[in-house]
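Notes for the structure review
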Amino acid sequence: MGRANPDLVDRVGRLIAEGPKDRPPLIGVVGAQGSGKTTLARAAAERFGAVQISIDDVYLTRAEREAMAREVHPLFVTRGPPGTHDLGLLQGLIDGLSAAGHDDETPVPDFDKRGDDRRPVSEWRVFPGRPSAILIDAWCLGALPQAAAALAEPVNALERDQDPDGAWRRAVNGFVGGAYADFVGRFDAILFLRAPSFDVVLDWRCQQEADLLGVAPADLPAGERARLAGFIQYFERLTRRMLDGGVRADVIIPLDRNRRPESMGA
């Protein structure tokens, strides 16, 4: 993914400076898969003495998602969409970091994506002391729920074939308008990295995977690209909703296809 854009890092720094003084400001860094949100949050955390937390690291455990798959809908076994995160765990972490003293050490959850499960507490990283700010990077925070009528028609093959009656997308929409909206209401600011379209998300996600495998994007195996094309269908409806304006954000940074900011937002 390379280095974070220094102007974007400065923009996050402004949000931190504008935040409350009696506690660490809580800032969301939001964007579609591959938009560079984690890279940005990490760079800003390092520069400003903040802590960076990815919402990916508080996924429900594999066992918890399997239970959701049995009780709510089979598609909830796949991590990613709203409903598959442990927001209680994340809120507890935020509370602990906000109250931490100089000598305190706060364990930060870690999720093993290859193993598809949360790592044991003994393997979590530890943040020392009290952070200057808490930066949460997430693809879906700030998303606004859709009207019931908008959920009727599937947006891709996944919804058509595996959610023909719309039960999964209605459940996800309920989480967006319920627990996730309540959670986001506690944030001091949200910065949204807006992709130019959903069409670039697959290319960005493939570049991420190529970087992990240590190959050029053009050398990513065709089968891996096909797998990722299927995976991002879980994120498509809500990503399109956010790109179309269905997002609560204090700062919106439009990106071009190369993830370069076209403006710094208000």
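In the block above lies the structure referred to throughout.
One structure accompanies this document, and this report is about it. (Residues numbered from 1 in each chain as written. Predicted model: local features only at pLDDT ≥ 70, side-chain atom pairs only at ≥ 80, totals over all residues. Heavy atoms only, no water.)

1. Concerning helix 3 (residues 62-71)
Within the span of helix 3, buried status applies to Arg65, Ala67, Met68 and Ala69. Of the surrounding elements, those touching the buried residues of helix 3 are strand 4 (111-112) and helix 6 (167-184). (Buried < 20%, exposed > 50% of the residue type's maximum accessible area, 1.4 Å probe, protein only. Helix = DSSP H or I, 4+ residues; strand = E, 2+ residues; numbered from the N terminus. Contact = heavy atoms within 4.5 Å.)

2. What to know about the pattern of salt bridges
A full pass over the atoms with the stated rule returns 24 salt bridges. The salt bridge partner of Arg79 is Asp116, with a shortest N-O separation of 2.7 Å. With Arg79 in the loop between helix 3 and helix 4 (87-99) and Asp116 in the loop between strand 4 and strand 5 (117-118), this residue pair connects regions lying 37 residues apart in the sequence. By relative accessible area, which is 13% here, Asp116 ends up buried. Of the charged contacts, one joins Arg114 and Glu209 as a salt bridge, the two residues approaching to 3.7 Å between their closest N and O atoms. Of this pair, Arg114 sits in the loop between strand 4 and strand 5 while Glu209 sits in helix 7 (residues 199-213), and the two are 95 residues apart along the sequence. What makes Arg114 exposed here is its relative accessible area of 65%. It is possible to trace a salt-bridge network through shared partners that takes in Arg62, Arg65, Glu66, Arg79 and Asp116. (Salt bridge = Lys/Arg side-chain N within 4 Å of Asp/Glu carboxyl O.)

3. Brief notes about the sheet that holds strand 2 (residues 51-54)
Taken together, 5 strands build an open sheet; the order of strands is 2-7-1-8-9 and the sheet is parallel. Every interior strand has two partners, whereas the edge strands, strand 2 and strand 9 (251-254), have only one. If you compare each strand with its neighbour and ignore which way they point, the axes differ by 20 degrees on average. When strand 2 meets strand 7 (residues 134-138), the two strands line up parallel, connected through 4 bridges. Residue pairing for strand 7: Gln52 is matched across the bridge by Leu135. Where helix 1 (residues 6-18) meets the sheet, it contacts strand 1 (26-31), strand 7, strand 8 (189-194) and strand 9, and its direction lies at approximately 160 degrees from that of strand 8. (Pairing = 2+ DSSP bridges. Axes fitted to C-alpha atoms, helices over the stretch in contact; angles between N-to-C directions.)

4. Overview of the nonpolar core
Grouped together as the largest cluster of nonpolar side chains are 75 residues, with contacts concentrated most on Leu40, Ile53, Leu90, Leu135, Ile136 and Leu141. Filtering out sequence-adjacent residues up to four positions away, Leu135 remains in contact with Val12, Ile16, Ile27, Ala41, Ala44, Ala45, Ala50, Val51, Gln52 and Ile53. (Core = buried A, V, L, I, M, F, W, Y, C linked by side-chain atoms within 4.5 Å.)

5. Remarks on unusual backbone geometry
Here Asp116, not a glycine, exhibits a phi torsion of approximately 60 degrees, which is positive. Look at Arg259: it is not a glycine, yet its phi comes out positive at around 70 degrees. Turning to its location among the elements, Arg259 is positioned in the segment after strand 9.

6. With respect to the pairing of strand 8
The element strand 8 is extensively covered by neighbouring structure, given that 5 of its 6 residues are classed as buried. Two strands pair when backbone bridges link them, and strand 1 and strand 8 are joined in this way by 5 bridges, in the parallel orientation. Along strand 8, the bridge assignment pairs Gly28 with Ile190. Here strand 8 runs beside strand 9; their pairing, made up of 4 bridges, is parallel. Looking at the pairing, Leu193 lines up with Ile253 of strand 9.

7. Details of the packing of helix 8 (residues 222-231) against helix 9 (residues 233-243)
Across the interface, helix 8 lies against helix 9 with an axial gap of 5 Å and an inter-helix angle of 50 degrees. With respect to each other, helix 8 and helix 9 are oriented oblique. Counting all contacts with helix 8, which are made through Ala229, Gly230 and Phe231, the residues of helix 9 involved are Gln233, Tyr234 and Phe235. Residues of the contact of helix 8 with helix 9, tallied by class, amount to 4 nonpolar, 2 polar and no charged. (Parallel < 35°, antiparallel > 145°, perpendicular 65-115°, else oblique. Nonpolar A, V, L, I, M, F, W, Y, C, P; charged D, E, K, R; others polar.)

8. Brief notes about helix 6
Look at helix 6: 24 Å from first C-alpha to last across 18 residues, which is about the 26 Å you get at 1.5 Å a residue. At Phe175, helix 6 shows its maximal bend, which comes to roughly 35 degrees. Of all the positions in helix 6, only Trp168, Arg169, Ala171, Val172, Asn173, Val176, Tyr180, Phe183 and Val184 are classed as buried. In this fold, the buried residues of helix 6 make contact with helix 4, helix 5 (157-162), strand 8 and helix 9. (Expected span 1.5 Å × (residues − 1). Bend = angle between axes of the 7 residues up to and from the residue.)

On their own, these measurements won't tell you what the molecule is for.
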